[in-house]
Amino acid sequence: MRDLCADARLLSLNTATLGPQRSLADAVEGCLRHGIGGISPWRDKIAATGLEAAEKLIRRSGLIVTGVCRGGHFPAADADGRARALADNRRAVDEAATLGAACLVMVVGGLPPGSKDLPGARRQVEDGLAATLEYARTQGVRIAIEPLHPAYAADRACVNTLAQALDICDRLGEGIGVAVDAYHVWWDPDLAAQIARAGKAGRLFAYHVCDWLVPTQDILNDRGMMGDGVIDLRSLRGLMEDAGYDGFCEVEIFSAATWWPRPVDAILATMVARGRSCV
Ligand code: ZN
């Protein structure tokens with residue numbers, strides 16, 4: 001396994017970790033102060049900065065863009081809604097291309113309002129991914145499906161396991177892979193086999209870390225700092241690296257009560273220390 005103790009260059013900051021009140025500039029400057037080597041911006045932060053200004057800011061910083069969060073949310077109640085989703089995903093591809101991102105992360109979407117048709121939603125997801133992938137290939141952007149914990153199947157993502165995501169990748173072909181997020185996949189009894197499968201197919205595009213707290217107070221916004229929960233992150237990174245993953249460990253912590261209220265430097269100093277001791 002790689003040694004993450006020497007410095008923080010293999011850590012990437014997902015901008016969600018600093019909380020909604022911080023800007024892209026806050027995130028970039030924080031990474032530079034703490035020796036963090038990568039950044040993964042959410043699109044609201046890109047929009048608030050302006051795409052061109054965001055591109056300049058990141059390029060000057062020398063940070064590697066490990067992903068853009070996020071495209072997806074394909075299922076909709078009608079054709080208009082589906083068309084709007086596809087148009088938004090094309091813009092997301094353009095943003096990822098402009099920023100030179102390693103991938104565009106897909107949170108694929110759940111059930112349309114009022115629907116109980118989960119197989120139908122999953123078909124819409126695959127159709128949406130196929131259409132977006134076709135465009136992404138022309139722009140040189142890789143698509144990374146992020147399977148989310150099944151608790152999110154209704155409202156955020158009806159792709160819930162690595163196996164399900166990789167089956168979609170196998171059907172769609174080149175240019176599409178997975179973002180493995182420890183929070184979403186750590187419980188999966190098939191995890192080791194599916195990570196190995198993804199590695200063999202060259203589909204490990206991103207690796208996100210945080211921790212699973214016991215008890216978890218809020219499934220969305222109570223994610224733990226690495227080391228504060230029950231995920232064996234060292235073993236998980238071992239599975240990723242054994243499968244050939246040599247990219248960044250992207251820290252993505254939604255934590256409304258515990259971490260977001262803290263000063264940026266306190267969050268980042270802890271992230272770097274835990275990167276050494278726990279990731
Ligand atoms: Zn993630």
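Structure's up top.
Residues numbered from 1 in each chain as written. Predicted model: local features only at pLDDT ≥ 70, side-chain atom pairs only at ≥ 80, totals over all residues. Heavy atoms only, no water.

Caption draft 1: Structural detail: the overall build of the chain. Secondary structure assignment for the chain yields ten helices and nine strands. In summary, the chain has a C-alpha radius of gyration of 18 Å against a globular reference of 19 Å for 279 residues, a match within 12%. By principal-axis analysis of the C-alpha atoms, the chain measures approximately 50 × 45 × 35 Å. The burial tally for the chain puts 54% of its 279 residues in the buried class. Excluding contacts between residues fewer than 6 apart, the proportion of contacts in the chain whose partners are at least 24 apart in sequence is 78%. (Helix = DSSP H or I, 4+ residues; strand = E, 2+ residues; numbered from the N terminus. Rg over C-alpha atoms; globule rule 2.2 N^0.38 Å. Buried < 20%, exposed > 50% of the residue type's maximum accessible area, 1.4 Å probe, protein only. Contact = heavy atoms within 4.5 Å.)

Caption draft 2: Local environment of the coordination of the zinc ion. In the first shell of the zinc ion, the protein supplies Glu146 (OE), Asp181 (OD), His208 (ND1) and Glu252 (OE), at 2.0 to 2.3 Å from the metal. With four donor atoms in place around the zinc ion and angles of 87 to 143° between them, the coordination shape is irregular. One chain supplies every donor for the zinc ion, spaced along it as E-x34-D-x26-H-x43-E. Linking Asp181 in strand 7 (residues 176–181) with His208 in strand 8 (residues 204–209), this pair joins segments that are 27 residues apart in sequence. Each member of the pair, Asp181 as well as His208, carries the same accessibility label: buried. (Donors = N, O, S within 2.8 Å, 3.2 Å for Na, K, Ca; no water. Tetrahedral: all angles 85-135°; square planar, octahedral: opposite > 155°, others 65-115°.)

Caption draft 3: Representation of the packing of helix 5 (residues 118–139) against helix 6 (residues 162–172) within the structure. Two elements in contact, helix 5 and helix 6, have axes separated by 11 Å at closest approach and are oriented at 50°. Considering their axes alone, helix 5 and helix 6 lie oblique with respect to each other. Note on packing geometry: the crossing formed by helix 5 with helix 6 is right-handed. On helix 6, the residues that touch Arg122, Glu126, Leu129, Ala130, Leu133 and Arg137 of helix 5 are Gln164, Ile168, Arg171 and Leu172. Here the residues of the contact of helix 5 with helix 6 are counted per class, giving five nonpolar, one polar and four charged. (Axes fitted to C-alpha atoms, helices over the stretch in contact; angles between N-to-C directions. Parallel < 35°, antiparallel > 145°, perpendicular 65-115°, else oblique. Left-handed = near helix turned anticlockwise from the far one by under 90°. Nonpolar A, V, L, I, M, F, W, Y, C, P; charged D, E, K, R; others polar.)

Caption draft 4: The arrangement of the pattern of salt bridges in detail. Overall, the coordinates contain 13 salt bridges when judged by the stated rule. The partner of Arg171 in a salt bridge is Glu126, with the nearest N and O atoms 2.7 Å apart. On the criterion of sequence distance, the pair formed by Arg171 in helix 6 and Glu126 in helix 5 is long-range, its members being 45 residues apart. Under the relative-accessibility criterion, Glu126 is labelled buried at 17%. Through salt bridges with shared partners, a single ionic network connects Arg43, Asp88, Arg91 and Glu95. (Salt bridge = Lys/Arg side-chain N within 4 Å of Asp/Glu carboxyl O.)

Caption draft 5: Region of the structure containing helix 1 (residues 24–34). Among the residues of helix 1, Leu24, Ala27, Val28, Gly30 and Cys31 are the ones counted as buried. Take helix 1 and look down its axis: the buried residues cluster within an arc of 165°, on one side only. Where helix 1 is buried, its residues touch strand 1 (11–14), strand 2 (38–40), helix 2 (43–49), helix 3 (51–61) and helix 10 (264–277). Where helix 1 begins, the capping side chain belongs to Ser23, and its oxygen is found 3.3 Å from the backbone nitrogen of Ala25. (Arc of directions from axis to C-beta. Polar contact = N/O pair within 3.5 Å; in protein donor to acceptor, adjacent residues only side chain to side chain.)

Caption draft 6: Focus on a nonpolar patch on the surface. Residues Trp186, Trp187, Val214 and Val230 make up a contiguous nonpolar surface patch of about 370 Å² in total accessible area. Residue placement: Trp186 occurs in the loop between helix 7 (182–185) and helix 8 (191–200). Assessed through its relative accessible area of 31%, Trp186 is described here as partly exposed. (Patch = residues over 30% accessible without salt bridge, like charges linked within 9 Å, V, L, I, M, F, W, Y side chains within 5 Å. Areas by Shrake-Rupley, 256 points an atom, 1.4 Å probe, with all protein chains shown as cover.)

Caption draft 7: Spotlight on helix 6. Those residues of helix 6 that fall on the buried side of the exposure criterion are Leu162, Ala163, Ala165, Leu166, Ile168, Cys169 and Leu172. In this fold, the buried residues of helix 6 make contact with helix 5, strand 6 (143–145), strand 7, helix 7 and helix 8. Trailing helix 6 by a residue or two, Gly173 shows a phi angle of about 95°, which is positive.

Caption draft 8: Representation of the packing of helix 4 (residues 79–98) against helix 5 within the structure. Between helix 4 and helix 5, the least distance of the axes is 10 Å, while the angle of their chain directions is 35°. Handedness of the helix 4/helix 5 crossing: right-handed. Taking contact as the criterion, the partners of Arg82, Leu86, Asn89, Arg90, Val93, Asp94 and Ala97 in helix 4 are, on helix 5, Gln124, Gly128, Ala131, Thr132, Tyr135, Ala136 and Gln139. Among the residues forming the contact of helix 4 with helix 5, the class breakdown is six nonpolar, five polar and three charged.

Caption draft 9: The arrangement of the sheet that holds strand 8 in detail. Read from one edge of the open sheet, nine strands run 3-2-1-9-8-7-6-5-4, paired in parallel fashion. The outermost strands of the open sheet, each flanked by one partner alone, are strand 3 (64–65) and strand 4 (68–72). Relative to strand 9 (residues 249–251), strand 8 runs parallel, the two sharing two bridges. Counted as the bridge partner of Val209 is Val251 from strand 9. This element, helix 6, spans strand 6 and strand 7 of the sheet and lies at about 165° to strand 7. (Pairing = 2+ DSSP bridges.)

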